[in-house]
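Here is how the chains run, residue by residue.
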Amino acid sequence: MRVAAIPRNALISDEGWQAYLDAKNAEGWQAYLDAKNARDHDLKLDYYEHDEIEECSDLMQIILFAIFHSPENLEKVCIFTLPDGTKTCGVAYHITDMDPAPPGTISFKGFEFLLNRFANRSSTLKIPPEYLGTSSTPGFEFPLAELPIYNCELSLPIPVLIWGPRVSNHIVQTFHIYTTYRVRKSLYGKLDSMSMSFMDFLCLPNKDELSSLIAQRHSNWFYHLFEQDDTVIWNV
Amino acid sequence: MYRDPTILSVYSKPLRCVYENKKLRFLFYDETPPDNCPVYSMWVELFFALNNSFLAFSDKILQLNKQPYYINISFPITYGDLAVAAYIGLGTSYFLEARLDQPLSLDYPWLHERGIFDFPPERVDKILHSRLLNVYTGKDSVLLTTNCLLYFLKQFYRRFCILTGCPYNQEVFRDFRRFLPKDLTQFSSMGYVDLKGRLVYTALFADKIIKKLFPNFWHDYLDYILEVPLSEALLNLKDDLGLRLWVAHCMLRK
């Protein structure tokens, strides 16, 4: 499986990033000039065999972590229970150039510049099959098996967390999906019933490691501290 | 100074919060948490970052004997800290007073704060109770944690100044209320739950504040401050979730 990665040196300084973008831009124009019938000047990421770079600290793999917010309460997110009992608060994707994209990856037709970042061209996010029939509501299948991703809906990379199963060589970017606009109203209740806040998710057993970290990062515990009623809890 | 042993034993305890019925609330020091509800301690973390690097502070300053230098400067919040934070509010005048002549206390910095414990016990109780009641009902909770952050920044800075001879720069604290809301690139903060299950309020202070707090640090305080490039920090993340988050934040900031 080929996955997108960015040289570490490009990410740790503004000068390095600018040089990387300049090189990508030049590469894109050259490809455009070479292919006379090219539709547009596309930018391309660099792709590598996953197994070969998994322990390489010079390349940072991009992980898109898709989080599905409840249509009825944006503070809650959909929780999935995988066949082995592991619970996740979203779906992690590598970016690939393979067509069709294998499960757990997403491919884009290309990228363009937007405010110093890579902005995507349209694509489709496919939910891996093991996530679809695993909600807490019996008989209810997660309704967003395939999700259109529109032009420039994503800017890459905007890292929120550095992670890695063995080496810290993954930049994790969260992709918040607001399901209100993606599903029929009749499904709102069912989606809400499989959702909970990150703080509640952290209380569950058998959590996926990356999901835990994302929940810890987005736990927003201030919100829970702030939302108190006027009951005097400590009675002096 | 007021040193009632009961007050000391109570207020030096680490602050606890319980997550119950979708809400987080402070536990009183002797309160037994409800069954099956997670209980968290609360910490404050300070990070200092220039354009492409972090500042690490020597153990000569922190005296924790855990490692030679610390990028992540973290403090547990005790009931005493909470009381002081509740007492001081965000009054700028509090931050302008740095009592450099007072001894350094690693365990109970709040004991030396603004004479709050100089009062007779009844008055201390009254102040703390009335302030804490507000906190416990949640009206001031968020403001309180922000106060704690600035309170720890002041404590850390005061400590640095006493040990290194660095002049205490009041201007930074005078500016806090004025420029913080306007210049968010100089100060970022977030709350997260760390890998040990603690509630952490973490803040990153950037160039402008650093240069005011520690002028010419790369010449004058070489024994106390080490500049750690982002690339090096990236290779030494270990189990420090705060550092993992701030390293990600510092990548491609512009």
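What you see is a predicted model; the values in this text were computed from it and never measured.

A.B. asks: Looking at this structure, how should I read the overall build of chain A?
C.D. replies: Each helix and strand in chain A was counted, giving eight helices and 16 strands. Each of the three principal axes of chain A carries a C-alpha extent, and together these read 75 × 45 × 30 Å. In chain A, which comprises 236 residues, the proportion classed as buried is 34%. Partitioning the intrachain contacts of chain A with sequence separation of at least 6 by distance along the chain shows that 66% fall at a separation of at least 24.

A.B. asks: What is the right way to read the environment of B:Phe48 from this model?
C.D. replies: Residues and elements named next belong to chain B. Among the secondary structure elements, Phe48 is positioned in strand β3 (residues 39–48). Phe48 sits 152 residues away from Val200 along the chain, and the two C-alpha atoms are 16 Å apart. The residues contacting Phe48, other than those within four sequence positions of it, are Phe54, Leu55, Phe205 and Ile210.

A.B. asks: So what exactly am I meant to see when it comes to the sheet that holds strand β13 (residues 155–156) of chain A here?
C.D. replies: Sheet strands associate in pairs through backbone hydrogen bonding, adopting either a parallel or an antiparallel arrangement. Residue and element names in this part refer to chain A. The strand order across the open sheet built from three strands is β9-β10-β13, with neighbouring strands paired in antiparallel fashion. Each edge of the open sheet is held by one strand with a lone partner, namely β9 (111–114) and β13. Both β9 and strand β10 (residues 117–120) contribute to a ladder of four bridges, which runs antiparallel. Along β10, the bridge assignment pairs Phe111 with Asn120.

A.B. asks: Would you explain unusual backbone geometry in this entry?
C.D. replies: Leaving glycine aside, a negative phi is the common case for residues, and trans is the common case for peptide bonds. A cis amide bond links A:Asp99 to the next residue, A:Pro100, at an omega of 0 degrees. Within the secondary structure, A:Pro100 is located in the loop between β7 (91–96) and β8 (105–107). Even without being glycine, A:Asn116 reaches a positive phi, approximately 70 degrees. Within the secondary structure, A:Asn116 is located in the loop between β9 and β10. The phi angle at B:Gln63 is positive, at roughly 50 degrees, despite the residue not being glycine. Locating B:Gln63 in the fold gives a position in the loop between α2 (59–62) and β5 (69–70).

A.B. asks: For this particular structure, what's the right way to read the pairing of strand β2 (residues 23–26) of chain B?
C.D. replies: Two faces belong to every sheet, and in a regular strand the side chains alternate between them. All names here are of chain B. Relative to β2, strand β1 (residues 16–20) runs antiparallel, the two sharing four bridges. Directly across from Cys17, in β2, lies its bridge partner Phe26. If you look at the hairpin formed by β1 and β2, you'll find two residues sitting between the two strands, and Asn21 has a positive phi there, around 50 degrees.

A.B. asks: Would you mind showing me how to read the environment of A:Met194 here?
C.D. replies: Tracing the backbone through its elements, the reader meets A:Met194 in the loop between α5 (188–193) and β16 (195–196). Put simply, A:Met194 and A:Glu75 are 119 residues apart on the chain and 13 Å apart in space, counted from C-alpha to C-alpha.

A.B. asks: For this particular structure, what's the right way to read the sheet that holds strand β4 (residues 53–58) of chain B?
C.D. replies: All names here are of chain B. In spatial order, the strands read β5-β4-β9; together these three strands make up an open sheet with antiparallel pairing. In this open sheet, the two edge strands, each paired with only one partner strand, are β5 and β9 (225–229). Where β4 and β9 come together, five bridges link them in antiparallel fashion. Residue pairing for β9: Phe57 is matched across the bridge by Ile225.

A.B. asks: Help me understand helix α11 (residues 241–250) of chain B in this model?
C.D. replies: Since there are 3.6 residues in each turn of an α-helix, residues three or four apart along the chain are aligned in direction. Residues and elements named next belong to chain B. Of all 10 residues in α11, nine are buried; the element is thus mostly enclosed. Those residues of α11 lying buried are Leu241, Gly242, Leu243, Arg244, Leu245, Trp246, Val247, Ala248 and Cys250. Leu252 sits one or two positions beyond α11 and adopts a positive phi of about 50 degrees.

A.B. asks: Would you explain the confidence of the model for chain A in this entry?
C.D. replies: Predicted coordinates in areas of low pLDDT are best not read in detail. Summing up the model confidence of chain A, the mean pLDDT is 87 and the portion of residues at 70 or higher is 91%. Considering only residues more than four positions removed or in separate chains, one finds that residues 229–236 of chain A, a stretch of pLDDT under 50, has 14 contacts.

A.B. asks: What am I meant to see in the nonpolar core here?
C.D. replies: Across soluble globular proteins, you tend to see nonpolar side chains buried next to one another. Judged by nonpolar contacts, the single largest core of 121 residues is most densely connected at A:Ile62, B:Phe47 and B:Val247. Each residue touching B:Phe47, except ones within four places of it in the same chain, is listed here: B:Phe54, B:Ile71, B:Asn72, B:Thr202, B:Ala203, B:Leu204 and B:Trp246.

A.B. asks: Which parts of the structure should I look at to understand the pairing of β1(B)?
C.D. replies: All names here are of chain B. Every second residue of β1 is oriented toward a common face, the buried set being Cys17 and Tyr19 and the non-buried set Arg16, Val18 and Glu20. Two strands pair when backbone bridges link them, and β1 and β3 are joined in this way by three bridges, in the antiparallel orientation. Within β3, the position partnered with Arg16 by the bridge is Ser41.

Definitions and limits used
- Residues numbered from 1 in each chain as written.
- Chains lettered and ligands numbered in written order.
- Predicted model: local features only at pLDDT ≥ 70, side-chain atom pairs only at ≥ 80, totals over all residues.
- Helix = DSSP H or I, 4+ residues; strand = E, 2+ residues; numbered from the N terminus.
- Buried ≥ 20, exposed ≤ 12 C-beta atoms within 10 Å, placed from the backbone.
- Contact = placed C-beta atoms within 7 Å.
- Pairing = 2+ DSSP bridges.
- pLDDT = per-residue confidence, 0-100.
- Core = buried A, V, L, I, M, F, W, Y, C linked by C-beta atoms within 7 Å.

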